[in-house]
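One-letter residues, chain by chain:
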Amino acid sequence: MGENCGMQIESGASLKPYNSFGLPAVARTLVRVASDSDVRRVVDHPELGTAPKFVLGGGSNIILTRDMPQVVLKVEVRGMRLVQERDDAWIVEAGAGENWHEFVAFTLARGWPGLENLALIPGTVGAAPVQNIGAYGLELKDRFESLDAVDLVTGRTVTLHADICAFGYRDSVFKHSLSNRTVITRVRFRLPKAWQPVLGYLELERKMAETGNHAPSAQQVFDWVCAIRRAKLPDPLVIGNAGSFFKNPVVTIEQCRDIIGRDPEIVHYPMPDGSIKLAAGWMIDACGWKGKSVGQAGVYEKQALVLVNRGGAIGSEVMLLAQAIQESVYGRFGIRLETEPLVV
Ligand SMILES: Cc1cc2nc3c(=O)[nH]c(=O)nc-3n(C[C@H](O)[C@H](O)[C@H](O)COP(=O)(O)OP(=O)(O)OC[C@H]3O[C@@H](n4cnc5c(N)ncnc54)[C@H](O)[C@@H]3O)c2cc1C
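All figures in this text were calculated on a predicted structure; none of them were measured in a lab. Counting restarts for each chain, with residues numbered from 1 along the sequence as it is written. With pLDDT at 70 or above as the cut-off, local features in this predicted model cover only qualifying residues; side-chain atom pairs require 80 or more to be listed or tallied, and sums for whole chains, interfaces and linings still use all residues. Side-chain measures here rest on the full set of heavy atoms in the structure, leaving out hydrogens and waters.

**Focus on unusual backbone geometry**
Here is step 1 of the chain: Of note in this structure, Tyr-136 is not a glycine but carries a positive phi near 50°.
Here is step 2 of the chain: Mapped onto the secondary structure, Tyr-136 falls in the loop between β9 (134-135) and β10 (138-139).
Here is step 3 of the chain: For Ala-166, which is not glycine, the phi dihedral falls at a positive 50°.
Here is step 4 of the chain: Numbering of helices and strands runs from the N terminus; a helix is a DSSP stretch of H or I covering at least four residues, while a strand is a stretch of E covering at least two. Considering the arrangement of structural elements, one finds Ala-166 in the loop between α3 (162-165) and β13 (182-192).
Here is step 5 of the chain: Exposure categories follow from relative accessible area, calculated using a 1.4 Å probe and restricted to protein chains: below 20% of the type maximum is buried, above 50% is exposed, and the middle band is partly exposed. The exposure class of Ala-166 is partly exposed, given its relative accessible area of 46%.

**Here's the deal with the packing of aromatic side chains**
Here is step 1 of the chain: Aromatic rings from Phe, Tyr and Trp, taking only the six-membered ring of Trp, are treated as a pair when their centres fall within 6.5 Å; an angle between ring planes under 30 degrees marks them as stacked, one over 60 as edge-to-face, and anything in between as tilted. The full count for this structure, using the stated rule, is 9 aromatic pairs.
Here is step 2 of the chain: Taken together, a centroid distance of 6.0 Å and an interplanar angle of 70° make the contact between Phe-106 and Trp-112 edge-to-face. This pair shows no difference in class: Phe-106 is buried, exactly as Trp-112 is.
Here is step 3 of the chain: Ring geometry for Phe-144 and Phe-167: centres 5.0 Å apart, planes at 75°, overall edge-to-face. Of this pair, Phe-144 sits in strand β11 (residues 144-151) while Phe-167 sits in the loop between α3 and β13, and the two are 23 residues apart along the sequence.
Here is step 4 of the chain: Ring pairs connect the aromatic residues Trp-100, Phe-103, Phe-106, Trp-112 and Phe-189, which therefore count as one cluster.
Here is step 5 of the chain: Our definition puts a charge over a ring when NZ of Lys or CZ of Arg is within 6 Å of the ring centre and also within 35 degrees of the ring normal. Seen from the ring of Tyr-18, Lys-74 lies directly overhead, with NZ or CZ sitting 5.0 Å from the centre.
Here is step 6 of the chain: We note Arg-336 situated over the ring of Tyr-330; from NZ or CZ to the ring centre the distance is 4.0 Å.

**Overview of the sheet that holds strand β17 (residues 276-278)**
Here is step 1 of the chain: With respect to topology, 3 strands assemble into an open sheet ordered β15-β17-β16, the strand pairing being antiparallel. The sheet is open, and its two borders are formed by β15 (250-251) and β16 (268-270), each paired with just one other strand.
Here is step 2 of the chain: Only strands joined by at least two bridges in the DSSP assignment are considered to pair. Of the pairings in the sheet, the one linking β15 to β17 comprises 2 bridges and is antiparallel in character. Within β17, the position partnered with Val-250 by the bridge is Lys-277.
Here is step 3 of the chain: Whether two residues are in contact is decided by their heavy atoms: any pair within 4.5 Å suffices. Here the axes come from fitting lines to C-alpha atoms, over the contacting stretch only for helices, and the angles between their N-to-C directions go from 0 to 180 degrees. Here helix α6 (residues 253-262) sits on the sheet in contact with β15, β16 and β17, set at roughly 45° to β17.

**Re the site of the ligand**
Here is step 1 of the chain: A cutoff of 4 Å decides nearness: a residue is near a molecule or strand if any of its heavy atoms lies inside that distance of it. Neighbouring the ligand are 36 residues, the closest being Val-55, Gly-58, Ser-60, Thr-124 and Arg-229.
Here is step 2 of the chain: Residues adjacent in sequence count toward polar contacts only when both atoms are side-chain atoms; beyond that, a polar contact is any pair of N or O atoms within 3.5 Å, and within protein one must be able to donate a hydrogen and the other to accept it. Gln-131 has a polar side-chain atom sitting 2.8 Å from an oxygen atom of the ligand.
Here is step 3 of the chain: Every accessible area reported is derived by Shrake-Rupley at a probe size of 1.4 Å, with residue values counting cover from the shown protein chains alone. In isolation the ligand has 980 Å² of accessible area, and contact with the protein removes 93% of it.
Here is step 4 of the chain: Broken down by secondary-structure element, the contributors of at least two residues to the shell around the ligand are β4 (53-56), β9, β13 and β14 (240-244).

Dropping the structure here:
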């Protein structure tokens, strides 16, 4: 371990504790960054400055298949605060290294609702805009105000609004031209005072029917979302995983009609733009993958969209399993599933 103006540089750091799948890999160099000036110190450093970088949050959306020659920047910027109260909204800011779920709980406890549908998504606040996290009918972009990011070439902090971020379904500019080019250090959210619960999602409708509560508070929605997620998703602290392993494919209505003609039961959701989202988990299950394994990498018994570490799995086993699933889904439905986590 070396020091440079207070900056901690670790050599040969194990990344196993820093990825939720629990995959083994070693970073040649790992630097923890807790502020914009920490990032600038890396940019100005004689060796690290020009080396390729990899920005790491909580490691819950990455699949490590090899050791990392890049300089891994582990983002640990802290702090959560109200930055502005407007007539129509609270603007709340969090450091990129804060735990996402704790931030959601913090906003609710302060009486600023709006993020409750996104409860219990693992990872950090800073990674949330990268794939425009979404769940239960809400996406980050619906509550996004702006973010601060440090450019890894110039060392300058810039403030970016939604137009530059180019949010899409599990997508943003940070997965493309700005990938490992910037470190997001703070994110601000616009939480509307005229709050309305977002309840269009089937499992939330079921909760309303079961409880007879058709006008739930934000806290109630938060509790329902946590209960639904705990019942069907494995806790990464117990069973290593990276959440949904594949994106739900989006197809045209003609393609969908064709597939329904052959498989009338396929689970699908109409999208506002007229396209159709197909349930990837349903297709994987239909191909008989639930509970199957390759080495120590397996398909979760309760949800075929989630691949899990049955203990001591390595990245290549996970990718072999993923490829076998992709091939059988393609063979049966003619659809190529794309991986959702970043394969490193
Ligand atoms: C059990 C489980 C359930 C999940 N459920 C959902 C869900 O419902 N919806 C959903 O959208 N996702 C879900 N995920 C995926 C994951 O939680 C999110 O993608 C989360 O935002 C990843 O955060 P992280 O800090 O772990 O990011 P990491 O895995 O560390 O990084 C992910 C990507 O973001 C980049 N990145 C990370 N931090 C920064 C930063 N500060 N600046 C710039 N780039 C950065 C990385 O380089 C990488 O490309 C789930 C994962 C698990 C394990």
